[in-house]
Structures are given as C-alpha cells and as structure tokens.
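Summary of structural features
Listed below, chain by chain, are the residues.
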Amino acid sequence: RVGNQAYQHDQHDSYGSVVLAITQAFFDQRLRQPAGLNTFQRLEAIGDQAFARFDKPDAGLWEFRTRARVHTHSSVMCWAACDRLARIARHLNLAERMAHWQTRADRIRETVLREAWNPRLNSFTAGFNDEEIDASLLLMHEVGFIRPEDPRFVGTVAAVERDLRRGQHLFRYVQPDDFGQPENAFVVCTFWYIEALIAQGRTTEARELFENMLACRNHLGLLSEDIDPETNELWGNFPQTYPLVGIVNCAMKLSKTWEEVV
C-alpha cells in the first residue's frame, strides 16, 4: 500500500513502448503488407490510455514496489505514443486523426516541460516537481522528445554525470529503493549515457566509455544487469539482453558511415 490506498504495480511507459514498436510497420517499404488503418485504430485505444494516464502516478520504468509518483520517463513515453499516432495518421492521410493526436501530444509535452523541469538544478528530474535525477532522463532525446543540443537536455546530461556517474559506470538512481541503498551500477544506463554523449558530439569520451564496457564482458562476450563500479565484477541477472542491445546501438553510432569506408 501507498498511504491508505492500495497500490497497483502499473508502468505507464508501456503504452509508448507498444506504439513505438509497431510504428515502423507503417513506414517500412520493404514489407509486403505494411500496417494500415485497422492496426492504426487498434493503436488508438492504447493512445487513449496513454493520454488518460500521462500525469498519473505509476511504478515507473524501475518498477518501484512500495511507492508511486508521476515519473517523467513514463510521461515522455505517453507523449511518444500520441506523437507517433499523429505521424501515422499523417502517413495514412487521416487529417482529423492527425490533428487529434498532435493536440494530445502537444499537451503532454507542454506539461512535461513545465512540471519536470527544475531550474535550480538546470535539469529535468525523475518525477514531476521533483529533486531527484535518474538515468531514464537520458532517453528523452532518443524518443525525439527534445533535441540533444537543447540547453535543457545538455543541463540534464550534466546533472546525470554529477549525480549518477561513478568512475566509468552509471547508476540508474542513487536514492534508497525497496532493497536499500543501491550499491552497483546498472549496465544499460552506461550505454544510454554513451549514446547521449555521441548525440552531443562528445565522441572521444563516448568511445573511451564504450571500450571500457567491452572490456567488462566475460569470456563469452556477455554482460549482466549490474556491475560493481570499483571492481567491474558482474552482478544481477545474467546474461541480460539490454546491455547487449546497448553494445549494438553504441557500436553502430560510433562506427564510420558506409560512405567513409568505401
């Protein structure tokens, strides 16, 4: 329970995740049968839930079990659901539905920019009207919510560096959670940080961190969910998909383009 009310273990970011995962099916011309109106209408039901819940407390990306709040990442992902629905509607020449979803996306974005920005910290925060920083803020540019060179995102990356970086690794957050004070870094967060550095043109720093993460793999080239920031000892669930996806994403972004090598 939270306070006197029963607590439901909801994650509102899942609405955005579903829509983002399917959006490509509308635009990929390699598909023999791209997604169409029927799929769009089904996704609209998910968008309705995203808009209804974007400013409501949830368990957040990190699945907190004993407390809920309005998580910035969850709200941004609800925005992503509405934003992509607007783009899909435009692609399908559905002008009225495009306007509908764009209006909703704009309202969510305005709310996040107002409620999740902390001018004293010069950073977005983990929750609305909050003081805490967490690594999911690094994904704001990844989903297109804000440009990587925007001063507000630059300030957010600086706050993440200040509060969450320990040596060559990044914690997801440093406040005590259901299990106490976090002791190990969350591996995928370091890859998010590397991607943010690349997006801001800090490729030398990004490459150094990336090479360090590669050196942390075991003899099979695998990584776990967590890592000791002092000893590089792997902890937690093993093997873990997210860090391996992080390796692929960062390797692609740090690699030379096709035009540079042929």
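Preceding this section is the structure that the text describes.
Calculation criteria
- Residues numbered from 1 in each chain as written.
- Predicted model: local features only at pLDDT ≥ 70, side-chain atom pairs only at ≥ 80, totals over all residues.
- Heavy atoms only, no water.
- Salt bridge = Lys/Arg side-chain N within 4 Å of Asp/Glu carboxyl O.
- Helix = DSSP H or I, 4+ residues; strand = E, 2+ residues; numbered from the N terminus.
- Buried < 20%, exposed > 50% of the residue type's maximum accessible area, 1.4 Å probe, protein only.
- Core = buried A, V, L, I, M, F, W, Y, C linked by side-chain atoms within 4.5 Å.
- Contact = heavy atoms within 4.5 Å.
- Pairing = 2+ DSSP bridges.
- Phe/Tyr/Trp six-rings, centres within 6.5 Å; stacked < 30°, edge-to-face > 60°.
- Lys NZ or Arg CZ within 6 Å of the ring centre and 35° of its normal.

Points about the pattern of salt bridges
In a structure, side chains of opposite charge can pair up when their charged atoms sit close to one another. Summed over the entire model, instances satisfying the criterion amount to 18 salt bridges. The partner of Lys-253 in a salt bridge is Glu-142, and the shortest N-O contact between them spans 3.1 Å. Separated by 111 residues along the polypeptide, Lys-253 in helix α8 (residues 241–254) and Glu-142 in the loop between β2 (123–124) and α5 (151–164) bring together distant segments of the chain. Judged by relative accessible area, Lys-253 falls into the partly exposed class, the value being 37%.

Notes on the nonpolar core
With 71 residues, the main nonpolar core has Phe-145, Phe-191 and Ile-194 as its most contacted residues. The element contributing the most residues to this core is helix α3 (residues 72–91), with 11 residues. In contact with Ile-194, other than residues within four places in its own chain, are Ala-206, Leu-209, Phe-210, Met-213 and Cys-250.

Some thoughts on the sheet that holds strand β7 (residues 234–235)
Reading across the sheet, the 3 strands line up as β5-β6-β7 and stay open at both edges, with antiparallel pairing between neighbours. Because the sheet does not close on itself, it has two edges, and the strands there are β5 (185–186) and β7. Sheet topology note: the β5/strand β6 (residues 226–227) ladder contains 2 bridges and is antiparallel. By the bridge assignment for β6, Phe-186 is matched with Asp-226.

Re the packing of aromatic side chains
Per the stated rule, a full pass over the model turns up 8 aromatic pairs. Centre to centre, the rings of Trp-62 and Trp-192 are 6.0 Å apart; their planes meet at 35 degrees, and the pair counts as tilted. Remark: Trp-192 occurs in helix α6 (residues 187–199) and Trp-62 occurs in the loop between α2 (37–53) and α3; sequence separation between them is 130 residues. Trp-192 shares its class with Trp-62; the two are buried. Linked through ring pairs, Trp-62, Phe-64, Tyr-173, Phe-186 and Trp-192 together constitute an aromatic cluster. The aromatic ring of Phe-145 is capped on one face by Arg-109, whose charged end is 5.2 Å from the ring centroid. In this structure, Arg-166 is placed above the aromatic ring of Phe-171, and the distance from its NZ or CZ to the ring centre is 5.6 Å.

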